[in-house]
Amino acid sequence: MARARCRSPLPGAPAVSMGPCRAVAPLLFVLLGASGFFQSDAVEVDVKDGANATCLYANWMMKFLITYETNSSDYKNTTLNLSSNVTHDGSVCGNDTQAALLAVQFGEGHSWSVNFTKTNETYQGDFITFTYNTNDTAVFPDAKRKGTITIVVKDTMQPVQLNNVFVCHNTDFLEAESVTQIFWNVTVQAFVQNGTIGKKESRCHADTPTSAPTVPPTVTNVTTASTTTASPAPTTAPKPVENPETGNYSLKSGNKTCLLANVGLQLNVSRDKPLLINVNPKTTSADGACGNTTATLKLNDGNSTLIGFTFVVKNVSKTAQKFYLKEVNVTLLNRLNGSVISNADNSNFSKWDAFLGTSYMCQKEQTLEISDNIQIHTFNLWIQPFLVVENKFSTAQECSLDDDDILIPIVVGAALAGLIAIIVLAYIIGRRKSYAGYQTL
């Protein structure tokens, strides 16, 4: 294909001929600025053609959440951010018969690119290619697989009218192969005509006419402590948040299901002022990785909430093994500008344990203390992260909280036994008194 000849070689990809595209010699300027709770750089790219006129312009922010396997067969989560060491080899203006290409390289052998195609009236993103290098020990310590790994995913960008600038302040997520790509504050125009960036904007569906990067997100299913500065007029208490709906999640390894999880999740992101957020399973997607001794379940609710659960296997005897929950990570992102509202990780759990080959069940509410400011409440939990057979849960080991169902008949039986003992004792005492009344005078 003609468009392929215009790409510079990316790390991990075969070299391709630049052919007739060398004469274009586009000029590219990359400007970086720090922003966000995680260190993440804003990138501004201005691609110019041979006449020094702008042909492709982009300004955006992005970062990557990646799950990788370690030498001990555990799975770890890491965050890859853009650094100040950014290059721009391979960006191409494009034309009626050739795709435009926006490409950046950063850090220790990482790269990202997106190509744009156009029709007579519109342009849109086609494919996004992300390559990360696990030889970067600062980001991937103790990685089992060494070298570059390339992920290709279809861009979800909507068609944009030619001469319009595409703008999306809201956070967008693309998930594939244990990688979550996060974008926000995106401004882009491909196939710029006459070197002039368009003045008319085409907004993404998630943006509203009043959207701006500084506007906080709207969160549904929230209870907050009410305050008032008005006169002593009567106020009503906030309506309690209902228990969350139970979601059914699963992971596959090849064609076989390797992890099953049924759970209702509720976040408490503050202790001082209760802020309860129910995770909606209808908008939540599951990703992660299965292993022999480690499994990771990552949930993305589609509204800027990311929750990761890590399970491991331990030996309890020479012949028996148990699995248990070891680590939980929670990231809350501002859905408008991608900044991190809260982020917490606790890798010291030893909960939800059951023998390998069985499942763990707890119908009652449980609380996971992730940090001083973030808790997770679980409801109707049923989890099996290893040795799933025929897409079904194995025999469940129930939590002690569910033992109430067993204690109730025991307590009732004990009460009845006590009542019977009292009746028998009263009868014996009554008989003795009656016998005493017939003594010889």
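Residues numbered from 1 in each chain as written. Predicted model: local features only at pLDDT ≥ 70, side-chain atom pairs only at ≥ 80, totals over all residues. Heavy atoms only, no water.

Novice: Explain a nonpolar patch on the surface here, please?
Specialist: Together, Ile-420, Val-424, Tyr-427 and Ile-428 give the surface a local cluster of nonpolar side chains, amounting to about 390 Å² of exposed area. Position of Tyr-427 among the secondary structure elements: in helix α1 (residues 404-436). (Patch = residues over 30% accessible without salt bridge, like charges linked within 9 Å, V, L, I, M, F, W, Y side chains within 5 Å. Areas by Shrake-Rupley, 256 points an atom, 1.4 Å probe, with all protein chains shown as cover. Salt bridge = Lys/Arg side-chain N within 4 Å of Asp/Glu carboxyl O. Helix = DSSP H or I, 4+ residues; strand = E, 2+ residues; numbered from the N terminus.)

Novice: Hey, could you run me through the pairing of strand β24 (residues 359-362) in this one?
Specialist: For a regular strand, side-chain orientation follows a simple rule: the groups alternate between the two sheet faces. Of the two faces of β24, the one holding Ser-359 and Met-361 and the one holding Tyr-360 and Cys-362 are both buried throughout. In this sheet, strand β27 (residues 396-398) lies alongside β24 in parallel orientation, the contact comprising three bridges. Looking at the pairing, Ser-359 lines up with Ala-396 of β27. In terms of strand pairing, β24 meets strand β26 (residues 375-384) through three bridges, oriented antiparallel. Residue pairing for β26: Cys-362 is matched across the bridge by Leu-381. (Buried < 20%, exposed > 50% of the residue type's maximum accessible area, 1.4 Å probe, protein only. Pairing = 2+ DSSP bridges.)

Novice: Sorry, what's going on with the nonpolar core here?
Specialist: Across soluble globular proteins, you tend to see nonpolar side chains buried next to one another. By size, the foremost hydrophobic cluster in this structure holds 46 residues, and its most contacted members are Trp-60, Trp-112 and Phe-116. With eight residues, strand β3 (residues 54-69) is the largest single contributor of residues to this core. Listed in part, the 37 residues of the second largest apolar core include Leu-325, Ala-354, Tyr-360 and Phe-386. (Core = buried A, V, L, I, M, F, W, Y, C linked by side-chain atoms within 4.5 Å.)

Novice: Please clarify how the confidence of the model for the chain should be interpreted in this entry.
Specialist: Should pLDDT be low for a region, the predicted coordinates there are not to be read in detail. Averaged over all residues, the pLDDT of the chain equals 78, while 76% of them reach at least 70. Counting interchain partners and residues more than four positions distant, the pLDDT-below-50 stretch residues 210-233 has 42 contacts. (pLDDT = per-residue confidence, 0-100. Contact = heavy atoms within 4.5 Å.)

Novice: Can you walk me through the environment of Val-114 in this structure?
Specialist: Its place among the elements puts Val-114 in strand β7 (residues 110-118). Taking C-alpha positions, Val-114 is 5.4 Å from Leu-102, a pair spaced 12 residues apart along the chain.

Novice: Just checking my understanding: could you explain the state of the cysteines for this structure?
Specialist: Every disulfide links exactly two cysteines, by a covalent bond between their sulfur atoms. Counting across every chain of the model gives four disulfides. The partner cysteine of Cys-258 in its disulfide is Cys-290, sulfur to sulfur 2.0 Å. An S-S torsion of about 70 degrees defines the bridge between Cys-258 and Cys-290 as right-handed. Taken together, the residues Cys-258 in strand β16 (residues 256-268) and Cys-290 in the loop between β18 (285-289) and β19 (294-300) connect sequence positions 32 residues apart. Taking the relative accessible area as the measure of exposure, Cys-258 reaches 13% and is therefore buried. A sulfur-sulfur separation of 2.0 Å characterises the disulfide bridge that pairs Cys-362 with Cys-399. Here the S-S torsion is close to 70 degrees, and the disulfide linking Cys-362 with Cys-399 is therefore right-handed. Residue Cys-362 is found in strand β24, and its partner Cys-399 is found in the loop between β27 and α1; the two are separated by 37 residues along the sequence. (Disulfide = S-S within 2.5 Å.)

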